[in-house]
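Structural overview for review
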Amino acid sequence: MDKLVIQGGLPLQGSVQISGAKNAALPIMAACLAIPGKTLLRSIPELRDITSMTGLLAQLGMSVSQGKAGEWLLESTDSQHSVADYELVRKMRASVCVLGPLLASRGEACVSLPGGCNIGHRPIDLHLKGLAALGAEIEIQSGYVIAKAAKLKGARIFLGGAMGSTVTGTCNIMSAAVLASGTTVIESAACEPEVVDLGNFLQACGAKIEGLGTPCITIDGVDNLSPTEYEIIPDRIEAATWIIAAAITRGDVTLENVVPEHLSAFLDKLTSLGVHCQVGTDSIRVSGVKKILAGDIVSLAYPGIPTDTQAQLTALLCLADGTSIVTDRVFPERFMYASELVRMGAKIRREANSVIIQGVNKLSGANVMASDLRASAALVIAALAAEGETTIRRIYHLDRGYENLTGKLTALGANVQRVSESSRKTTHSIPQPHWQQALLAKTPLDN
Ligand code: EPZ
């Protein structure tokens with residue numbers, strides 16, 4: 001396993017290209033199970049989760065090949081294999097997105113229930129409710145969802161749960177309903193840009209969908225879909241992460257290849273925290289941050305402040321002038337990273353589904369442990385601003401969602417080294433995470 005060693009205190013300077021969105025790419029790749037012929041996807045980021053998804057799709061009888069950087073060619077060649085086994089699904093919850101496309105195109109699916117998660121309880125009851133409403137027979141056996149449907153039938157489905165809408169749940173139901181007979185109406189649908197991107201992709205393949213980006217999506221089923229070429233949207237969460245990193249280091253950074261309107265609530269909140277961004281058509285510049293102001297943050301479903309930026313915002317508020325409260329209404333338990341920030345000198349305490357942050361003048365480098373993808377990003381942000389050296393372990397979490405993180409940060413002037421757990425020298429001149437070598441060598445990944 002590798003770790004990151006970061007010497008803090010350097011302002012980030014320069015420009016950074018935002019990669020394609022992981023959370024748009026994953027359901028779109030899964031949807032290709034239901035599309036005959038060769039589909040070409042562009043701007044697919046090079047991430048551990050993408051590698052997990054390509055491994056799963058290959059297990060499900062798809063031919064998956066990589067072309068130029070960011071390009072993947074997918075074709076469903078053998079529809080006999082419809083089992084997504086525990087070993088793969090446990091590594092990535094988004095594997096559940098294969099359920100809808102498998103049911104719609106093959107009439108059956110056997111998918112392991114996703115495992116536990118460090119950000120809180122993550123059931124899939126709404127996914128199963130929606131598929132059952134479309135006529136699927138569903139049973140749970142030995143930790144697997146076994147679903148069958150000769151032909152799905154359109155239905156009106158209320159997909160809201162106790163915590164509001166479901167992103168991958170909406171993706172699953174939409175990917176199934178496009179091939180159902182008749183009309184499906186999804187009420188309390190998720191509005192996230194990644195869901196819209198899946199819908200736009202399916203429309204490009206011939207699906208009939210109205211209401212994308214609203215809580216009510218209407219789908220008229222078609223007999224079959226056709227292959228297409230499609231470019232994935234930029235990753236708004238990666239963009240938010242670099243914006244905060246630039247602000248906390250008092251740097252001057254321009255982000256290229258962004259969709260600013262995907263970050264409206266986030267940018268609005270940042271303004272109230274003293275971080276003013278210059279917003280272009282497809283770029284955002286962060287510069288001239290003097291003082292970070294305290295504030296209260298509540299993360300919500302889109303178009304609210306994304307829960308996937310909550311940890312990074314908390315890291316920023318550790319150095320704010322005053323006391324802040326951060327509440328997560330989507331994943332109330334998503335604060336495992338707080339104790340690691342406290343190791344760096346932050347003053348944070350948990351209160352139910354919030355953290356209370358008393359701003360301090362400085363953070364100090366320390367040994368810390370990543371617990372999940374966005375928590376790791378929060379630790380990187382804190383380390384960039386801290387005095388001294390920080391070592392972050394279990395950075396395989398970062399490899400899941402940040403393409404070429406070390407390279408991008410180094411190019412912005414950060415002092416970041418990716419080293420093996422056992423030694424301090426840099427193990428890679430260009431980050432070639434060990435999991436890629438392990439996958440290529442077909443040896444079991446550590447998890
Ligand atoms: C997606 O997860 C994202 N992952 C998450 O990003 C993101 O945090 C989340 O949406 C919220 O925006 C992908 O898109 C691959 P949900 P998802 O279903 O779909 C509850 C990252 O860091 N719920 O929208 O799994 C659930 O417990 C990841 O990139 C049910 O109760 O999230 C949660 O409280 C982390 N029953 C809320 O709804 C269900 O059947 C929202 O979950 C499904 C969800």
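Residues numbered from 1 in each chain as written. Predicted model: local features only at pLDDT ≥ 70, side-chain atom pairs only at ≥ 80, totals over all residues. Heavy atoms only, no water.

1. A look at the pattern of salt bridges
Just so we agree on the cut-off: The salt bridge definition used is simple: a Lys or Arg side-chain nitrogen within 4 Å of an Asp or Glu carboxyl oxygen. Strands are runs of DSSP state E lasting at least two residues, helices are runs of H or I lasting at least four, and both sets are numbered from the N terminus onward. A simple rule labels every residue: compare its accessible area, found with a 1.4 Å probe on the protein chains alone, to the largest value its type can have, and call it buried under 20%, exposed over 50%, or partly exposed in between.
Enumeration according to the criterion identifies 19 salt bridges in this entry. Between Glu-75 and Lys-38 there is a salt bridge; the shortest N-O distance is 3.2 Å. Here the residue Glu-75 occupies a position in strand 5 (residues 72-76), and Lys-38 occupies one in strand 3 (residues 38-42), the gap between them amounting to 37 residues. Taking relative accessible area as the criterion, Glu-75 reaches 22% and is therefore assigned partly exposed. For Glu-87, the salt bridge is made with Arg-90, and the minimal N-O distance between the two is 3.1 Å. Taken together, the shared-partner salt bridges connect Arg-42, Lys-68, Glu-71 and Glu-229 into one network.

2. What to know about the environment of Leu-152
To keep it simple, the criterion reads: Contacts are residue-level and defined by heavy atoms, with any inter-residue pair within 4.5 Å sufficient.
Its location among the elements puts Leu-152 in the loop between strand 9 (144-148) and strand 10 (156-158). Judged by its relative accessible area of 3%, Leu-152 falls in the buried class. Considered as a pair, Leu-152 and Leu-131 are 21 residues apart in the sequence and their alpha carbons are 8.5 Å apart. The residues contacting Leu-152, other than those within four sequence positions of it, are Leu-103, Ala-104, Leu-134, Ala-136, Ala-176, Ala-180 and Ser-181.

3. Quick look at the nonpolar core
For clarity, the cut-off: Remark: nonpolar core denotes a set of buried residues (Ala, Val, Leu, Ile, Met, Phe, Trp, Tyr, Cys) joined through side-chain atoms within 4.5 Å.
One finds Val-98, Phe-201 and Leu-202 to be the most contacted residues of the largest nonpolar core, which totals 75 residues. Considering each element in turn, this core owes the most residues, seven residues, to helix 1 (residues 22-31). Leaving out residues up to four positions away in the same chain, Leu-202 has contacts with Ala-31, Met-174, Ser-175, Val-178, Ala-207, Ile-209 and Leu-225. If you look at the next biggest cluster of nonpolar residues, it comprises 74 residues, including Val-286, Val-289, Ile-292 and Met-344.

4. Quick word on the domain arrangement of the protein chain
Stated formally: Note that the domain bounds were set by an automatic or database domain assignment. Put simply, buried area is the surface a 1.4 Å probe can reach on two separate parts but cannot reach once they are joined, added for both. Think of a polar contact as two N or O atoms within 3.5 Å of one another; within protein, one of them needs to be a possible hydrogen donor and the other a possible acceptor, and neighboring residues in sequence only count if both atoms come from side chains.
According to the domain assignment, the protein chain consists of domain 1 (2-19 + 235-440) and domain 2 (22-231). Each of domain 1 and domain 2 has a C-alpha centre, and these two points are 29 Å apart. On the side of domain 2, 22 residues touch domain 1, which itself brings 28 residues to the contact. Taken together, both faces of the contact between domain 1 and domain 2 bury some 2,100 Å²; the carbon and sulfur share is 56%. The tally of links from domain 1 across to domain 2 stands at two salt bridges. Residue Glu-194 is joined to Arg-236 by a salt bridge in which the shortest nitrogen-to-oxygen separation is 2.7 Å. Viewed at the interface, domain 2 and domain 1 are joined by seven residue pairs in polar contact (both at pLDDT 80 or more).

5. With respect to the packing of helix 8 (residues 236-248) against helix 10 (residues 310-317)
When two helices pack together, their arrangement is given by the angle between their axes and by how far apart the axes lie. This is how it is decided: Axes, fitted as lines to C-alpha atoms, cover a helix only where it is in contact. Angles between the N-to-C directions of the axes lie from 0 to 180 degrees. Each angle gets one of four labels, with under 35 degrees taken as roughly parallel, over 145 as roughly antiparallel, 65 to 115 as roughly perpendicular, and the rest as oblique. Throughout this entry, Asp, Glu, Lys and Arg are counted as charged residues, while Ala, Val, Leu, Ile, Met, Phe, Trp, Tyr, Cys and Pro are counted as nonpolar. The remaining residues, Gly among them, count as polar.
Between helix 8 and helix 10, whose axes approach to 10 Å, the crossing angle comes to 5 degrees. As summarised for this structure, helix 8 and helix 10 are arranged roughly parallel, according to the angle between their axes. Residues Ile-237, Thr-241, Ile-244, Ala-247 and Ile-248 of helix 8 form the contact with helix 10, whose own contacting residues are Gln-312, Leu-313, Ala-315 and Leu-316. Of the residues assigned to the contact of helix 8 with helix 10, the class counts are seven nonpolar, two polar and no charged.

6. Considering the site of the ligand
What counts here: A cutoff of 4 Å decides nearness: a residue is near a molecule or strand if any of its heavy atoms lies inside that distance of it. The protein chains shown are the only cover counted for residues, whose accessible areas, like all others here, come from Shrake-Rupley with a 1.4 Å probe.
In the vicinity of the ligand lie 24 residues, with Asp-125, Thr-166, Thr-168, Asp-308 and Val-330 positioned nearest. Contacts to the ligand include Lys-22, whose side-chain N or O atom sits 3.0 Å from an oxygen atom. Taking Arg-122, its side chain carries an N or O atom lying 3.0 Å from an oxygen atom of the ligand. Considered on its own, the ligand offers 820 Å² of accessible surface; in the complex 90% of this is hidden by protein. Elements with a minimum of two residues in the shell around the ligand: helix 1, helix 5 (125-133), helix 6 (167-177) and helix 12 (373-385). Counting residues per element, the shell around the ligand draws most heavily on helix 5, which supplies three residues. When the residues that make up the shell around the ligand are grouped by side-chain class, the tally is ten nonpolar, seven polar and seven charged. A domain-level breakdown of the shell around the ligand finds at least three residues from each of domain 1 (2-19 + 235-440) and domain 2 (22-231).

7. Side note on the packing of helix 1 against helix 7 (residues 193-204)
Selection criterion: It is the rotation of the near helix from the far one that decides the hand of a crossing: anticlockwise by less than a right angle makes it left-handed, clockwise makes it right-handed.
Interhelical geometry of helix 1 versus helix 7 gives an angle of 35 degrees and a closest axis separation of 8 Å. In this structure, the crossing between helix 1 and helix 7 has a hand that is right-handed. Between helix 1, through Asn-23, Ala-24, Pro-27, Ile-28 and Ala-31, and helix 7, the contact on the second element is made entirely by Glu-194, Asp-197, Leu-198, Phe-201 and Leu-202. Each residue belonging to the contact of helix 1 with helix 7 can be placed in one class, and the counts come to seven nonpolar, one polar and two charged.

8. Notes on the pairing of strand 4 (residues 62-66)
To be explicit about the condition: Only strands joined by at least two bridges in the DSSP assignment are considered to pair.
For strand 4 and strand 5, the ladder comprises five bridges, and the chain directions are antiparallel. Pairing of Ser-65 across the sheet is with Leu-73, part of strand 5. What sits between the antiparallel neighbours strand 4 and strand 5 is a turn of five residues, in which Gly-70 has the positive phi angle 85 degrees.

9. Section: unusual backbone geometry
Following Tyr-302, the chain continues to Pro-303 via a peptide bond in cis, the omega torsion being 15 degrees. Even without glycine at this site, Ser-43 takes up a positive phi of about 65 degrees. Examined against the element boundaries, Ser-43 turns out to sit in the loop between strand 3 and helix 2 (48-59). What makes Ser-43 partly exposed here is its relative accessible area of 26%. Within the chain, Asn-404 stands out as a residue other than glycine whose phi angle is a positive 50 degrees. By secondary structure assignment, the location of Asn-404 is in the loop between helix 13 (396-401) and helix 14 (405-411).

10. Comments concerning the side chain of Arg-236
Within the fold, Arg-236 resides in helix 8. What Arg-236 contacts, discounting residues up to four positions off in sequence, is Glu-192, Pro-193, Glu-194, His-262, Leu-263, Tyr-302 and Pro-306.

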